[in-house]
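Residue-level structure breakdown
Here is how the chains run, residue by residue.
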There are 2 protein chains.
Amino acid sequence: MRMSRYFLPVLKETPSEAQIVSHRYMLRAGMIKQSSAGIYSWLPLGYKVLKKIENIVHEEQARAGHLPMLMPTIQSADLWRESGRYEAFGDEMLRIKDRHDRDMLFTPTAEELITDIFRSHVNSYKDLPLTMYQIQWKFRDEVRPRFGVMRGREFYMKDGYNFDLTKEDALHAYNRHLVSYLRTYERMGLQAIPMRADSGAMGGDNTHEFLVLADTGESEVFYDSAVTDLTFGDREIDYDNVEQCAGVMEEFTTKYARTDETHDEALFNAIPEARRKTARGIEVGQIFYFGTKYSEAMKATVQGPDGKPVPLHMGSHGIGVSRLLGAIIEASHDDKGIIWPEGVTPFHCGIVNLKQGDEEADGACEALYKSLTTSGLEPLYDDRNERAGGKFATMDLIGLPWRITVGPRGLKNGVVELTSRRTGESEELSPEDAVKKVAAIYAEH
Amino acid sequence: MRMSRYFLPVLKETPSEAQIVSHRYMLRAGMIKQSSAGIYSWLPLGYKVLKKIENIVHEEQARAGHLPMLMPTIQSADLWRESGRYEAFGDEMLRIKDRHDRDMLFTPTAEELITDIFRSHVNSYKDLPLTMYQIQWKFRDEVRPRFGVMRGREFYMKDGYNFDLTKEDALHAYNRHLVSYLRTYERMGLQAIPMRADSGAMGGDNTHEFLVLADTGESEVFYDSAVTDLTFGDREIDYDNVEQCAGVMEEFTTKYARTDETHDEALFNAIPEARRKTARGIEVGQIFYFGTKYSEAMKATVQGPDGKPVPLHMGSHGIGVSRLLGAIIEASHDDKGIIWPEGVTPFHCGIVNLKQGDEEADGACEALYKSLTTSGLEPLYDDRNERAGGKFATMDLIGLPWRITVGPRGLKNGVVELTSRRTGESEELSPEDAVKKVAAIYAEH
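Here's what I pulled together on the structure shown here. Position labels on residues start from 1 in each chain and follow its written sequence. Chain labels run from A onward and ligand labels from 1 onward, assigned in the order the entries are written. Local features in a predicted model are, by the rule used here, given only for residues with pLDDT of at least 70; side-chain atom pairs are given and counted only at 80 or more, and totals for whole chains, interfaces and linings are based on all residues. Excluded from the side-chain calculation are hydrogens and water; included are all heavy atoms of the structure.

Quick notes on the overall build of chain A
Each helix is a run of H or I in the DSSP string that is no shorter than four residues. Each strand is a run of E no shorter than two, and both are numbered from the N terminus. Assigned secondary structure in chain A consists of 14 helices and 23 strands. Against the compact-globule benchmark of 22 Å for 445 residues, chain A has a radius of gyration of 24 Å, which places it among compact chains. Dimensions along the principal axes, computed over C-alpha positions, put chain A at roughly 80 × 60 × 40 Å. Only protein chains enter the accessibility calculation, which uses a 1.4 Å probe; a residue whose area is less than 20% of its type maximum is buried, one above 50% is exposed, and one in between is partly exposed. Counting all 445 residues of chain A, 60% fall into the buried class. The contact criterion used is simple: two residues touch if any of their non-hydrogen atoms lie within 4.5 Å. Taking all contacts inside chain A whose residues are at least 6 apart in sequence as the whole, residues at least 24 apart take part in 71%. As displayed, chain A has an accessible area near 17800 Å², and 45% of this comes from carbon and sulfur atoms. Lys and Arg are tallied as positive, Asp and Glu as negative. Neither His nor the chain termini are counted. Lys charges are placed at NZ, Arg charges at CZ, Asp charges at CG and Glu charges at CD. Side chains of chain A give 54 positive and 69 negative charges; the mean places of these two sets differ by 4 Å. Note on method: radius of gyration uses C-alpha positions; expected globular size equals 2.2 Å times residues raised to 0.38. Method for areas: the Shrake-Rupley scheme with a 1.4 Å probe, in which residue coverage is limited to the protein chains shown.

This is the structure:
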């Protein structure tokens, strides 16, 4: 993409309404624009990161064998009356009357609707197990929306639902989700720690939240520092292998890690003092096993092997897709702007032309652009007639992990400069080697 | 995908509420499920086709240089009061009060919001031209939703908006959209004819609708049969080339083709009688140039080359993404079910095992599955313990364009059967040649 053809309305001033760094940088980098309280438009740069994150979630769900589908945003109140949550949900539910005066709502989550789909179509235990999920817009009418996309009213969420014949099978689904979530977050450059959580209004007692450590987090968390040494890495997983998934579950959840909701002072104090940590965390996902709560309330049963009806064992599993942009920025930035992890960066590499209009510099930039594109990468070429300082400031703000700087002086020696946004380190390379190096970096992501 | 792991709830009976063939087949093939009047869940098979169509739209918009972004579904009424459309829209607008009693709405289209984004960020003619678009859920509270996804209340739509300094530039944007839409529909296997239409509440007098001819279409159309001979084909287009885009525009819109709204009997009668056609059509898209209507009402101006403020020339351009599934099925089916064009089929090829449990047949199917997957194709393997007749009926209903049938008898002679869903013709081939042939067919799509 050439900057001259892009829509990238960066702001020089810091917007006064933004209290946390991710909100400030998303506004300043022209990623989002507030349309009303807690509701945002996603401008081209923000949209691009949102889609990168969404794609990673889809790929990891596919790997785990979960089926994508989509439920509508506007749903009838009737199903929610069946489960008893229509009244229970309170003012956070956006309630709507349609032109025929029917009670509708903008869905905050979809246990009821997916259970209805399931009970309408699945009759036999032979059709189990089944896990379906969607990535869809949700609405919660927060009384005080804040922190940009971190606590918005309209938000983009992955919500998945498993249907199993037995508690044992459903717990395997639970573990499968935990494994796939660990992979998902790591691909985004995040360490998200599964912590024992409170199930709240969802019911059931198996639930873990995934938290990213960050000073601006809303939750207070308590953990054994040994959990931060765990990484999922590139291990091979067979998602059908019950023991293997249970092993990962155990590895990642045995050490103490809890939010303040479930914190147990005695257990915490049993950890060696040097490893006892208190911090703040941002919740980026949660998994639940809640058994037969919805299937019993909504009569979702299948015929078991003995011909008798069995209520389904269910769980639901969420990833806050739009919120993740904020969480990633909170975890990865400096005082110049965002530092995108390679897995989610909107463009792979920036190109800064120090002397726009200079024939040689322009030609070298065009050649780099073509060469990066041919290598399967997406560069963002700042081809505007701007001072070098302004171009650098924009690149630093929007946070592309790699930048190639092209100027007449370097070109005389046959070199360009490749700079890491994260370390700030530069090296001089021939244009060919710079492209090769960037391509090699992304081959690993 | 293995059918045993898929969620494909096909129905044997024809649902009584479905009046047209696309609605019937989408329900019977387990693609959608109604959640309330005119509101549907997209089950895995329907979701897959929806995403294929969406991807084609994205690819062709990128080719035309248009920037993707996303606006929220819930918007404040304030902007709509500014343009005067809040009252004008009538009962089709889904109006909502949030918990603070503010007037909100579920957006049916987004001219107001995009104009607001534009006026907030763009000040100079140097930042023009600009075209941004989104593919997002919309809501129109139809009094009588019907025909499944063809006239639903919650629907998925591509809506794009161009901002230009002059009428001339804006007309180039109009032509560019026309060209990109022609390519888009052809890739989906559709002939969508641009017809002069009525601009209605949108204002302006340049507008074309794209119509797919089908007996179940809602519009009566009148055309010179010569327009159906036009195909876009694989011509190379430079979307910056004003003359080239204008040339395509002229080629595709000069011959008589109008909806009943703009039909002119005298002009129609001037066509040689043998070429005078009346038919029904399904609207799958529309492009508008409406000049400065919104930019003047909402004070969206830029500083022109002479330093004076200039109101922007705008247009908007829509493709009915969810509606396209219905339109494609109306245009491509037989009495056994859907016949997907290769460009949008949910799976590239079906595999039917005539004797599940037979070691040799199972092994051959697994090998085919692997080989198709390695070739970059997505097969759907019916590995259920079902009668062959039932498997064929399901494959015919869901409409994959190619099917490979594997049975012990053929395997004795080293062959499988490759069948075209469209023609019903079969040929016996070695498994390797069957895979090669299917891969070659899709290499062209």
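On we go from here.
Considerations on the interface of chain B and chain A
Facing 57 residues of chain B, the contacting portion of chain A comprises 57 residues. Two parts placed together each lose some accessible area under a 1.4 Å probe, and the buried area is that loss summed for both. Between chain B and chain A, the buried area comes to about 4700 Å², and carbon and sulfur atoms account for 62% of it. On the chain B side of the interface with chain A, the three residues burying the most area are Phe7(B), Leu70(B) and Arg99(B), jointly 15% of the side's total. Salt bridges are defined by distance alone: a side-chain nitrogen of Lys or Arg within 4 Å of a carboxyl oxygen of Asp or Glu. Taken together, the links from chain B to chain A amount to 8 salt bridges. With a closest N to O distance of 3.9 Å, Asp91(B) and Arg99(A) form a salt bridge. Here a polar contact is recorded for every N or O atom pair within 3.5 Å, except that within protein the pair must consist of a potential hydrogen donor and a potential acceptor, and residues adjacent in sequence are included only if both atoms are side-chain atoms. Where chain B packs against chain A, one counts 16 residue pairs in polar contact (both at pLDDT 80 or more). Each residue receives one of three labels: charged for Asp, Glu, Lys and Arg, nonpolar for Ala, Val, Leu, Ile, Met, Phe, Trp, Tyr, Cys and Pro, and polar for the others, Gly being one of them. Counted by class, the side of chain B that touches chain A contains 32 nonpolar, 10 polar and 15 charged residues.

Topic: the environment of Asp127(B)
Note that Asp127(B) resides in the loop between α5 (111-121) and β7 (130-139). Placed 64 residues apart in sequence, Asp127(B) and Gln191(B) show a C-alpha to C-alpha distance of 36 Å.

So, the side chain of His66(A)
All names here are of chain A. Here His66 is to be found in the loop between α2 (44-63) and β3 (67-68). Only 2.7 Å separates the side chain of His66 from the side chain of Gln61, close enough to count as a polar contact. Looking at His66, its side chain comes within polar contact range of the side chain of Arg176, at 3.0 Å. In this structure His66 touches Gln61, Thr131, Tyr133, Arg176 and His177, once residues within four positions along its chain are discounted.

What to know about the pattern of salt bridges
Inspection of every chain in the model, using the stated rule, returns 63 salt bridges over all chains. The residue Arg5(A) makes a salt bridge to Asp240(B) at a minimum N-O spacing of 2.7 Å. Highlighted residues: Arg5(A) in the segment before α1 (21-28) and Asp240(B) in the loop between β11 (219-224) and α7 (242-253), drawn from two different chains. Among the residues examined, Arg5(A) registers a relative accessible area of 47% and is labelled partly exposed. Its relative accessible area of 47% is what places Asp240(B) among the partly exposed residues. In this structure, the salt-bridge partner of Glu59(B) is Arg187(B), at a minimum N-O distance of 2.8 Å. Remark: Arg187(B) occurs in helix α6 (residues 167-187) and Glu59(B) occurs in helix α2 (residues 44-63); sequence separation between them is 128 residues. Owing to a relative accessible area of 43%, Glu59(B) belongs among the partly exposed residues under this scheme.

Observations concerning the state of the cysteines
Residue and element names in this part refer to chain A. Sulfur atoms of two cysteines make up a disulfide when they are within 2.5 Å. Evaluated as defined, the whole model comprises 0 disulfides over all chains. Lacking any disulfide linkage, Cys349 is separated from the closest cysteine sulfur, that of Cys365, by 11 Å. In this structure Cys349 comes out as buried when scored by relative accessible area, which is 1%.

Points about the packing of helix α11 (residues 359-374) of chain A against helix α14 (residues 431-443) of chain A
Residues and elements named next belong to chain A. Lines fitted to the C-alpha atoms define the axes, with helices restricted to the stretch that makes contact. Angles between their N-to-C directions range from 0 to 180 degrees. Contact geometry of α11 with α14 gives a least axis separation of 10 Å together with a crossing angle of 30°. It follows that α11 is roughly parallel to α14 by the angle criterion. When you trace α11 past α14, the crossing you get is right-handed. Mapping the contact onto sequence places Leu368, Ser371 and Leu372 in α11 and Pro431, Val435 and Val438 in α14. Considered class by class, the residues forming the contact of α11 with α14 number 5 nonpolar, 1 polar and no charged. Any angle between 65 and 115 degrees counts as roughly perpendicular, while under 35 counts as roughly parallel, over 145 as roughly antiparallel, and the rest as oblique. Here is the rule for handedness: rotate from the far helix to the near one, and if that takes an anticlockwise turn smaller than a right angle the crossing is left-handed, while a clockwise turn gives right-handed.

A few points about the packing of helix α1 (residues 21-28) of chain B against helix α10 (residues 321-331) of chain B
All names here are of chain B. Running from N to C, α1 and α10 cross one another at 105°; their axes reach a closest spacing of 8 Å. When the axis of α1 is compared with that of α10, the two are roughly perpendicular. Contact residues: α1 offers Val21, Ser22, Tyr25 and Met26, while α10 offers Leu325, Gly326, Ile329 and Glu330. Here the contact of α1 with α10 is built from residues that sort into 5 nonpolar, 2 polar and 1 charged.

Observations concerning unusual backbone geometry
Residue Pro129(A) is reached from Leu128(A) by a cis peptide bond, and omega for that bond is -5°. As for its placement among the helices and strands, Pro129(A) is situated in the loop between α5 (111-121) and β7 (130-139). Of note, the phi angle at Lys299(B) is positive, near 55°, even though the residue is not glycine. Tracing the backbone through its elements, the reader meets Lys299(B) in the loop between α9 (293-297) and β14 (301-303). Given a relative accessible area of 68%, Lys299(B) falls into the exposed group.

Concerning the relation of the copies chain B and chain A
Least-squares superposition of the copies uses the C-alpha atoms of those residues scoring a pLDDT of at least 70 in each of them. With an RMSD of 0.0 Å, chain B superimposes on chain A once it is rotated by 180° and translated 0.0 Å along the axis. Taken together, the rotation and translation describe the operation of a two-fold axis. Minimal C-alpha distance to the rotation axis in chain B is attained by Ile96(B), lying at 2.9 Å. Counting the interface residues of chain B, we find that 100% of their copies in chain A are interface residues as well, pointing to one common contact surface.

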